[in-house]
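Coordinate analysis (summary)
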Amino acid sequence: MKVTVLGAGAWGTALAMQISQRHQVSLWARNIEHVSGMRKARCNPLYLGDFPFNDNLAVESDLKPALSHSDLILSVVPTAGFRQILKDIKNLGCQLPVIWASKGLEPETAKLPHEVALEELGADYPWGALSGPSFAAELVRGLPTAITLAANDEGFATQAGAIMHGGNFRVYTSTDVAGVAVGGALKNVMAIASGISDGMEFGNNARAALITRGLAEMTRFGASLGGQKETFMGLAGAGDLILTCTGQYSRNREVGLQLAKGKSLQDILKNLGHVAEGVNTTREVIRRAKQMGVDMPLTYEVDQVLSHGKSPRAAVEDLLGREQKSETV
């Protein structure tokens, strides 16, 4: 069995290393210098430190040989580049099943990855989304990790999940692609909010309330797109949300922490060194929520801070000043 992993950031590399314990893996990256450095070091020092690659893992900068003789594609490119990588795959005449692990909404269109896949590949093409509470830094250390694989076909979800499932890595299956996609995208928005709360030292009570109400927003948004409410109580919903809002490796939470300290978003992203999907996702969620008429107060205030110059303190004060409402989702 051979799996091609597209995208050699921290998470793509960690997944490639995990899968290579049992299968041949081709890890593709667009940047030739990055690929050259990984080949020489036999690790990914740019994004994942000196954790060594095993002999089953090859690194490629050319997409065609990376896909050659492969059985499955796992795309871990940023959401902004997902549509283009699907086009590139099609242009090569490749018809391999595609799973993606990117979490966000496409810039300008506000579409989720499964909606992009539907447009580019079609409803009958085997594709799915991999999402859940997972930090690359822990998976690569062999620490226990559980994740959800949702696909447009239950049989494909089971078969593809079996390729990755085993040892410290548990893969649960689902057919709720919309719910899993929404959970993966919106938890990053809530993590920025959580970082702002923690950075302003609002305490544990505030963080717990924020996570809980954030989950309510995610559920409302997901249900409007056809997602199942039960999905948001699982790994790709509450699980990923809790991890990203509290974990030390969360890039999006770090963005919020730095915003609370008064740093500019431009400087934060420049120094982060990794993609924080929540920044672009926030803007697109607001765009989509307005179209659907979904109430998203937390997301709205995060967007005000990120894109409209509102201070974090003013955003929190406006949230606290909202009228009393029922807790029912």
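Residues numbered from 1 in each chain as written. Predicted model: local features only at pLDDT ≥ 70, side-chain atom pairs only at ≥ 80, totals over all residues. Heavy atoms only, no water.

In the nomenclature of an unreviewed UniProt entry, the chain is known as Glycerol-3-phosphate dehydrogenase [NAD(P)+] of Methyloradius palustris. Quoted straight from UniProt, the Pathway (unreviewed entry) entry for the chain says "Membrane lipid metabolism; glycerophospholipid metabolism." (UniProt positions renumbered as here; feature names shortened; annotations may be inferred.)

Moving on: the packing of aromatic side chains. Scanning the entire structure with this criterion turns up three aromatic pairs. Taking the centre distance of 5.3 Å and the plane angle of 55° together, the rings of F82 and W100 count as tilted. Here F82, found in helix α4 (residues 82-91), pairs with W100, found in strand β5 (residues 98-100); they are 18 residues apart in sequence, far enough to count as distant. Classification of F82 by relative accessible area gives buried; the value is 1%. With relative accessibility at 1%, the residue W100 sits in the buried group. Geometrically, the ring pair formed by W100 and W127 is tilted, given 5.7 Å between the ring centres and 40° between the ring planes. Note that W100 is positioned in strand β5 and W127 in strand β6 (residues 127-131), a separation of 27 residues in sequence. Pair check on accessibility: W100 and W127 agree, each one buried. Among the aromatic residues, ring-to-ring pairing joins F82, W100 and W127 into one connected group. (Phe/Tyr/Trp six-rings, centres within 6.5 Å; stacked < 30°, edge-to-face > 60°. Helix = DSSP H or I, 4+ residues; strand = E, 2+ residues; numbered from the N terminus. Buried < 20%, exposed > 50% of the residue type's maximum accessible area, 1.4 Å probe, protein only.)

Bringing empty space enclosed by the protein into the picture now. For the coordinates displayed, the defined rule picks out one cavity of 30 Å³ or more. Approximately 60 Å³ is the volume attributed to the largest cavity. W100, S102, K103, G104, P113, A129, L130, S131, V180, A181 and G184 are the residues that line the largest cavity. Residue composition of the lining of the largest cavity, grouped by class: six nonpolar, four polar and one charged. (1 Å grid on protein atoms, 1.4 Å probe; cavity = no way out; pocket = protein on both sides within 12 Å on 5 of 7 lines; lining within 4 Å. Points joined across faces, edges and corners; volume = space filled by probe spheres on them. Nonpolar A, V, L, I, M, F, W, Y, C, P; charged D, E, K, R; others polar.)

Spatially, the eight strands line up as an open sheet ordered β3-β2-β1-β4-β5-β6-β7-β8, and their pairing is mixed. The sheet is open, and its two edges are formed by β3 (57-60) and β8 (169-174), each paired on a single side. The mean angle between the axes of side-by-side strands here comes to 25°, regardless of whether they run parallel or antiparallel. Judged from the four bridges that link them, β6 and strand β7 (residues 145-151) form a sheet pairing that is antiparallel. For A129, the partnering residue across the bridge sits in β7 and is A150. (Pairing = 2+ DSSP bridges. Axes fitted to C-alpha atoms, helices over the stretch in contact; angles between N-to-C directions.)

Within a regular strand, the side chains alternate between the two sheet faces. Here β7 pairs with β8 via six bridges, running parallel. Paired with T148 across the bridge in β8 is Y172. For the handedness criterion, the β-α-β arrangement of β7, helix α7 (residues 154-164) and β8 is classed as right-handed. (Right-handed = clockwise from strand over helix to strand, strands pointing away.)

Moving on, we come to the UniProt feature "binding site: substrate" (unreviewed entry) in the chain. In this structure's numbering, the residues bearing the UniProt feature "binding site: substrate" (unreviewed entry) are K103, R251 and N252. Across 150 residues, the annotated set stays spatially compact, with a maximum C-alpha separation of 12.8 Å. The annotated residues named above include K103 as those lining the largest cavity. Looking at the secondary structure, you find K103 in the loop between β5 and α5 (113-121). Each residue touching K103, except ones within four places of it in the same chain, is listed here: T79, S131, G132, S134, G184, A185, K187, N188, D240, E277 and T281. Engagement of the side chain of K103 in a polar contact is seen with the backbone oxygen of G132, the distance being 3.1 Å. Along the chain, the position of N252 falls in helix α11 (residues 251-260). If we skip the residues at most four places from it in the chain, N252 touches N188, A191, I192, A276, E277, G278 and V279. (Contact = heavy atoms within 4.5 Å. Polar contact = N/O pair within 3.5 Å; in protein donor to acceptor, adjacent residues only side chain to side chain.)

A few words on the nonpolar core. Residues L186, I192, F221, V255 and L259 are the most contacted members of the largest nonpolar core, which totals 41 residues. Ranked by the residues each element gives to this core, the list is headed by helix α8 (residues 177-199), at ten residues. Among residues more than four places away in sequence, those in contact with V255 are I192, L265, I268, L269, L272, A276 and V279. In this structure, L27, L48, V140 and I163 belong to the second largest nonpolar core, which totals 38 residues. (Core = buried A, V, L, I, M, F, W, Y, C linked by side-chain atoms within 4.5 Å.)

So, on to helix α15 (residues 312-320). Helical geometry note: an α-helix holds 3.6 residues per turn, so side chains three or four residues apart project in the same direction. Inspection of α15 places P312, A315 and V316 among the buried residues, and these make up the whole buried set. In a view along the axis of α15, the buried residues occupy a sector of 95°, so they form one face of it. Taken together, the buried residues of α15 touch α8, α11 and α14 (297-307). (Arc of directions from axis to C-beta.)

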